[in-house]
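# Summary of the model geometry
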Amino acid sequence: MELLEAIILAVLAASTPLLLAASGELLVERAGVLNLGVEGMMIVGAACGFAGAWATGSTLIGALCGIFAGIALSLVFALMTLGLAVNQVATGLALTILGIGVSGLIGAGFVGERISTAPRLYIPGLTTLPFVGKILFGEDGFVYVSIALIVAIWYFLYRTRAGLILRAIGDNHVSAHALGYPVLKIRTLAVMFGGGCAGLAGAYLPLAYTPFFVPGMTAGRGWIALALVVFASWLPGRLVIGAYLFGAVSILQLHAQGWGVGVPSQLMSALPYLATVVVLVLISRTRSGGSTAPAALGTVFVPDR
Amino acid sequence: MNRKALAAAAMLLATGLGLGAAVAADKLKVGFVYIGPVGDFGWTYQHEVGRQMLVKEFGDKIETTYLENVSEGPDSERSIEQLARAGNQLIFTTSFGYMDPTLKVAKRHPKVMFEHATGFKRDKNMSSYSGRFFEGRYIQGQIAAKMSKKGVLGYIGSFPIPEVISGINATMLAAQKINPDIKIKIIWVNTWFDPGKEADAAKALLDQGADVIMQHTDSPAAMQVASERGALAFGQDSDMIKFGPKTQLTAVTNNWGPYYVERVKAALDGTWKSEDTWAGLKEKMVVMAPYTNMPDDVKKMAMDTEAAIIAGTLKPFKCPVLGQDGKEVECKGGDALDPGQVLGMNFYVKGIDDKIPGK
């Protein structure tokens, strides 16, 4: 039981950055914008988050620094793709390269520094419950925020008028524009939201996961988040399944190796990717059709004046 | 006609003054290819320290460049080619996976000198160099067996290549001498650098009962996890004591600087030759970080072992070495396994209850 508890705790920790970054990107893509710069925004969020927490000693301020750094970088993207109507794919890739460079620059002075890990929730009587206590009531704030965030995104997209408008813009920006909706303004807000989420996801790494900063510490998690959005067919529910499944298989394959299951570790390392793709594809097969990509995804919109 | 004669005279004069002067006026361009970021606080960081030593030593006689975060495989070939075309005359490629790409580029640029770390392939213009890291691992194995209360060691491997496998075997051979029943759990993360994954692997090992963590990956994540959990750990590549002041027992650190200085000097003098360098504790290419967080008797044992390895009286792979099946491994080096057997090691020794992935 103790081992199972430890495994679940590790799974939650490993899945949280993916869920955070993918949640933001899901909203961005639902608005019809493809921002491939998640990895870049994450790594800048990681550097700034660490800098903030190191300077103030506060995880919360570190997290906020991460969020603002992500937003700042996403504004560069918004300016290019929405303001100047530059190709989104190219800009997103450039944003990643820029982010990796900027984070290295910001973080250079912090390599080798340590901070204390993000505080964990503690509710007397509840956190000490056997087995479920630590899992439900003993996580760091990021875990709760990530779950609240994806629920809020689901509610926003499917239960509010603003969410309906955002989806409409993502499917057909010309019609939405003709109806009088401010396409570019809403898309800019969505991109900023996505940037903030990616920044927070990045900040999670040095603040809660491994409390130090090293350049390149996101190690491709931004790309996995991007892929999760696609394989979840742009649906929040499936995104949650995808993110936790990916996290779970990543952790379980490590344990399986420790137990000495005779499967080559190279295959084990590939399992999280395989399992996530297979499961999400199966889900979208069984339900009729499933949701497809927002129709206007990645296309440039220039309003006629 | 006149102009041609003048040029010829000038050329003669230049030859007369000696080529040496002409070369010295030209800076030697030295390039480095790194697998990780220079700030990884591990493997790449140590190579970067070596490069900085070059800059300090030779000043404006040389010009150094480095490319960081170059992944192994096709990407690396492009990067090495780029350095060669940019006029670098001496190129250090610092990861095992760069071996074949380096060899390919070396064949295309016969006048450029190449130095590949931790591999076994060479050419007329390509040297190989590596540390006998297993010597340090042997000391770690002894300390680990002494310090482990549960008798279970946790080992985080990167890729199942000979260098890592020989490290695991050296650890185990030393640990068995202290505690014949010692167990080792091995988790491969299939990456050199991913702090999150390394931390997850460390957590998994601790959760499965290991109480001393050793790693063959490049970030201090595992050290940090062990420190959080109150376990013990060994640093890797760099002294990681900062990340575990009460956790780090010692670390096998890599000291490339002196070698780099020697090779650049040879290149400047024109005496550079393709060679195979394999240096260890004795040559100080492998250096043990201070022995900390252990009782004095363990510390003394570690220091004695270190001295014995340096003196050559203790050989980590002393024959007979028994394979997993209990059969003796052929002893090609007289009283110990020969360098080729260690550099190409692809078997586990007896007592390791696991299988080499993909074998």
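Here's a quick rundown of the structure. (Residues numbered from 1 in each chain as written. Chains lettered and ligands numbered in written order. Predicted model: local features only at pLDDT ≥ 70, side-chain atom pairs only at ≥ 80, totals over all residues. Heavy atoms only, no water.)

## As for the overall build of chain A
A tally of regular secondary structure across chain A gives 12 helices and zero strands. N-terminal to C-terminal, the α/β element order of chain A is α-α-α-α-α-α-α-α-α-α-α-α. Whereas a compact globule of 305 residues would reach a radius of gyration of roughly 19 Å, chain A reaches 20 Å, a difference of no more than 12%. Across its three principal axes, chain A shows a C-alpha extent of roughly 65 × 50 × 40 Å. In chain A, which comprises 305 residues, the proportion classed as buried is 53%. Across chain A, every contact between residues at least 6 apart in sequence was considered, and the portion connecting residues at least 24 apart equals 78%. On chain A, roughly 12,300 Å² of surface is accessible, and the fraction owed to carbon and sulfur atoms is 73%. (Helix = DSSP H or I, 4+ residues; strand = E, 2+ residues; numbered from the N terminus. Rg over C-alpha atoms; globule rule 2.2 N^0.38 Å. Buried < 20%, exposed > 50% of the residue type's maximum accessible area, 1.4 Å probe, protein only. Contact = heavy atoms within 4.5 Å. Areas by Shrake-Rupley, 256 points an atom, 1.4 Å probe, with all protein chains shown as cover.)

## So, the pattern of salt bridges
Inspection of every chain in the model, using the stated rule, returns 20 salt bridges over all chains. The closest approach of N and O atoms between Asp194(B) and Arg221(A), which form a salt bridge, is 3.0 Å. Of this pair, Asp194(B) sits in the loop between β7 (183–188) and α8 (195–207) while Arg221(A) is found in helix α10 (residues 221–231), placing the two residues in two different chains. For the pair formed by Asp194(B) and Arg221(A), the shared burial category is buried. (Salt bridge = Lys/Arg side-chain N within 4 Å of Asp/Glu carboxyl O.)

## Thoughts on the packing of helix α3 (residues 43–58) of chain B against helix α10 (residues 257–269) of chain B
Residues and elements named next belong to chain B. Two elements in contact, α3 and α10, have axes whose closest approach is 8 Å; the angle formed by their N-to-C orientations is 45 degrees. Looking at the two axes, α3 sits oblique to α10. In this structure, the crossing between α3 and α10 has a hand that is right-handed. Residues His47, Gly50, Arg51, Met53, Leu54, Glu57 and Phe58 of α3 form the contact with α10, whose participating residues are Gly257, Pro258, Tyr260, Val261, Val264, Lys265 and Leu268. (Axes fitted to C-alpha atoms, helices over the stretch in contact; angles between N-to-C directions. Parallel < 35°, antiparallel > 145°, perpendicular 65-115°, else oblique. Left-handed = near helix turned anticlockwise from the far one by under 90°.)

## Points about the nonpolar core
Among the nonpolar cores identified, the biggest contains 106 residues, and Phe142(A), Leu239(A), Ile156(B) and Ile213(B) are the most heavily contacted of them. Here the element with the most residues in this core is helix α1 (residues 2–30) of chain A; it accounts for 15 residues. If near-sequence neighbours (up to four positions away) are discounted, Phe142(A) is found in contact with Thr16(A), Leu20(A), Thr59(A), Ala63(A), Ala118(A), Leu200(A), Tyr204(A), Leu207(A) and Ala208(A). In this structure, Val70(B), Leu90(B), Tyr155(B) and Trp256(B) belong to the second largest nonpolar core, which totals 90 residues. (Core = buried A, V, L, I, M, F, W, Y, C linked by side-chain atoms within 4.5 Å.)

## As for the interface of chain B and chain A
With 37 residues of chain B at the contact, the number on the chain A side is 31 residues. Both sides of the chain B and chain A interface together cover about 2,700 Å² of buried area, and 57% of this is carbon and sulfur. Looking only at chain B, the three residues that lose the most surface to chain A are Asp200(B), Gln208(B) and Phe243(B), adding up to 18% of its buried area. Linking chain B with chain A are one salt bridge. Looking at the side of chain B that touches chain A, the elements with two or more residues in it are β7, α8 and α9 (221–229) of chain B. Looking at the side of chain B that touches chain A element by element, the count peaks at nine residues for α8(B). Split into classes, the residues belonging to the side of chain B that touches chain A amount to 17 nonpolar, nine polar and 11 charged. (Buried area = accessible area lost by both parts, 1.4 Å probe. Nonpolar A, V, L, I, M, F, W, Y, C, P; charged D, E, K, R; others polar.)

## Focus: helix α9 (residues 183–209) of chain A
If you check α9(A), its first and last C-alpha atoms are 37 Å apart, about what 27 residues at 1.5 Å a residue would give, namely 39 Å. Burial analysis of α9(A) places 21 of its 27 residues in the buried class, the great majority of the element. (Expected span 1.5 Å × (residues − 1).)

## Comments concerning the sheet that holds strand β4 (residues 113–117) of chain B
Residue and element names in this part refer to chain B. Here we have six strands laid out as an open sheet, ordered β2-β1-β3-β4-β5-β11, and parallel in their pairing. Each end of this open sheet is capped by a strand with a single partner; those strands are β2 (62–67) and β11 (276–279). Put simply, the sheet's adjacent strands are angled 15 degrees from each other on average, direction ignored. The sheet contacts of helix α5 (residues 99–108) involve β3 (90–93), β4 and β5 (126–131), and relative to β4 the element is tilted by about 175 degrees. (Pairing = 2+ DSSP bridges.)

## Overview of the environment of Glu29(A)
All names here are of chain A. Locating Glu29 in the fold gives a position in helix α1. Relative accessible area serves as the criterion here: at 1%, Glu29 is assigned to the buried category. When the C-alpha positions of Glu29 and Ser15 are compared, they lie 21 Å apart, and in sequence the two are 14 residues distant. If we skip the residues at most four places from it in the chain, Glu29 touches Leu34, Leu226, Val229, Trp234, Pro294 and Leu297. Here the side chain of Glu29 touches Trp234 through a polar contact of 2.7 Å, side chain to side chain. (Polar contact = N/O pair within 3.5 Å; in protein donor to acceptor, adjacent residues only side chain to side chain.)

## Focus on a nonpolar patch on the surface
Side chains of Trp259(A), Val261(A), Val263(A), Leu267(A), Leu271(A) and Leu274(A) sit close together on the surface and give an oily, nonpolar patch of about 500 Å² of accessible area. Ranked by the residues each element gives to the nonpolar patch, the list is headed by helix α12 (residues 265–286) of chain A, at three residues. (Patch = residues over 30% accessible without salt bridge, like charges linked within 9 Å, V, L, I, M, F, W, Y side chains within 5 Å.)

## Quick notes on the environment of Val349(B)
All names here are of chain B. Here Val349 lies in the segment after α12 (339–343). When its relative accessible area of 1% is taken as the criterion, Val349 is described as buried. Measuring from C-alpha to C-alpha, the distance between Val349 and Val329 comes to 9.1 Å, with 20 residues separating the pair along the chain. Apart from the residues within four sequence positions on either side, Val349 is in contact with Asn169, Met172, Leu173, Val321, Leu322, Gly323 and Gln324.

## Looking at the side chain of Thr91(A)
Within the fold, Thr91(A) resides in helix α4 (residues 88–107). Not counting the four nearest positions on each side in its chain, Thr91(A) is found in contact with Phe77(A), Met80(A), Thr81(A) and Val86(A).

## Concerning the sheet that holds strand β9 (residues 232–237) of chain B
Residue and element names in this part refer to chain B. With mixed pairing, the six strands of this open sheet are ordered in space as β7-β6-β8-β9-β10-β12. The outermost strands of the open sheet, each flanked by one partner alone, are β7 and β12 (286–288). Averaged over all pairs of adjacent strands, the angle between their axes in this sheet comes to 15 degrees, without regard to strand direction. In terms of strand pairing, β9 meets strand β10 (residues 248–254) through four bridges, oriented parallel. Looking at the pairing, Gly235 lines up with Ala251 of β10.

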